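# Structure at a glance
Here is what each chain is made of, one letter per residue.
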Amino acid sequence: QVQLRESGGGFVQPGESLRLSCTASGMNLRIIDMEWHRQAPGKERELVARFTSGGDTNYADSVKGRFTISRNYAYNKLYLQMTSLQPEDTAVYYCHVPSYRGSPRWGQGTQVTVSS
């Protein structure tokens, strides 16, 4: 069974932190690229961070220095540690695999709301 499932979203105030988790089933995380995307109301879905099978990481300019993407291979999980959150970070966050068995894979998404 191939499945991605996000968790850890919530409501926080500006400046606070949040850690998102993505549990992967039926995939070997050591040999695939994995990403976090987000979609705010009325906007297009955008790439936030990428963790490649080669161990490289990439971030959108808007989150550099604040977000950290990581993997735990033993527990088949992908994480996004978010610090110094701002209202502009409010969105539904999705775990994404660009290609597994020739097809893109998406989780169901988890809501992050940053507001004072």
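Residues numbered from 1 in each chain as written. Predicted model: local features only at pLDDT ≥ 70, side-chain atom pairs only at ≥ 80, totals over all residues. Heavy atoms only, no water.

### Some remarks on the sheet that holds strand β7 (residues 67–72)
For clarity, the cut-off: Paired strands are those between which DSSP finds at least two bridges. In DSSP terms, a helix is any run of H or I states spanning at least four residues, a strand is any run of E spanning at least two, and both are numbered starting from the N terminus. Lines fitted to the C-alpha atoms define the axes, with helices restricted to the stretch that makes contact. Angles between their N-to-C directions range from 0 to 180 degrees.
Strand order in the open sheet formed by four strands is β1-β3-β8-β7, with antiparallel pairing between adjacent strands. Either end of the sheet is taken by a strand with one partner, and the two such strands are β1 (3–7) and β7. Shown here is a sheet whose adjacent strand axes are inclined to one another by a mean of 15 degrees, direction ignored.

### With respect to the state of the cysteines
Formally: Any two cysteine sulfur atoms lying within 2.5 Å of each other are counted as a disulfide.
On inspection of all chains with the given rule, the structure shows one disulfide. The disulfide partner of Cys-22 is Cys-95, and the S-S distance across this bridge is 2.1 Å. As the torsion about the S-S bond is roughly -80 degrees, the Cys-22-Cys-95 disulfide counts as left-handed. Taken together, the residues span a long stretch of sequence, with Cys-22 in strand β3 (residues 18–25) and Cys-95 in strand β9 (residues 91–100) at a distance of 73 residues.

### Details of the nonpolar core
Stated formally: In these notes, a set of buried Ala, Val, Leu, Ile, Met, Phe, Trp, Tyr and Cys residues joined through side-chain atoms within 4.5 Å is what counts as a nonpolar core. Exposure categories follow from relative accessible area, calculated using a 1.4 Å probe and restricted to protein chains: below 20% of the type maximum is buried, above 50% is exposed, and the middle band is partly exposed. Contacts were defined at the residue level, with two residues in contact if any of their heavy atoms lie within 4.5 Å.
Ranked by size, the top nonpolar core spans 30 residues in total, and within it Trp-36, Leu-80, Met-82 and Tyr-93 carry the most contacts. For this core, the secondary structure elements donating two or more residues are β3, β4 (34–39), β5 (46–51), β7, β8 (77–82), β9 and β11 (110–114). In terms of residue count, the dominant contributor to this core is β9 (five residues). Apart from residues no more than four positions distant in its own chain, Leu-80 is found in contact with Leu-18, Arg-19, Leu-20, Trp-36, Val-48, Ala-49, Phe-67, Thr-68, Ile-69 and Tyr-93.

### A short note on unusual backbone geometry
For Asn-76, which is not glycine, the phi torsion reads 55 degrees and is therefore positive. Checked against the element boundaries, Asn-76 lands in the loop between β7 and β8. Despite not being glycine, Ser-84 has its phi angle at roughly 50 degrees, a positive value. The topology assignment puts Ser-84 in the loop between β8 and β9.

### Here we look at the packing of aromatic side chains
For clarity, the threshold we go by: The criterion for an aromatic pair is that two Phe, Tyr or Trp rings (for Trp, the six-membered ring) have centres within 6.5 Å, with stacked assigned to planes under 30 degrees apart, edge-to-face to planes over 60 apart and tilted to the rest. Counted as over-ring charges are cases with an Arg CZ or a Lys NZ within 6 Å of the ring centre that also lie within 35 degrees of the ring normal.
All told, the structure shown has one aromatic pair when counted by the stated rule. Aromatic pair Tyr-94 and Trp-106: ring centres 6.2 Å apart, planes at 90 degrees, arrangement edge-to-face. One end of the pair, Tyr-94, is in strand β9; the other, Trp-106, is in strand β10 (residues 103–106), with 12 residues separating them in the sequence. Overall, Tyr-94 belongs to the buried group, its relative accessible area being 13%. If you follow Arg-45 out to its NZ or CZ, it ends over the ring of Tyr-94, 3.7 Å from the centre.

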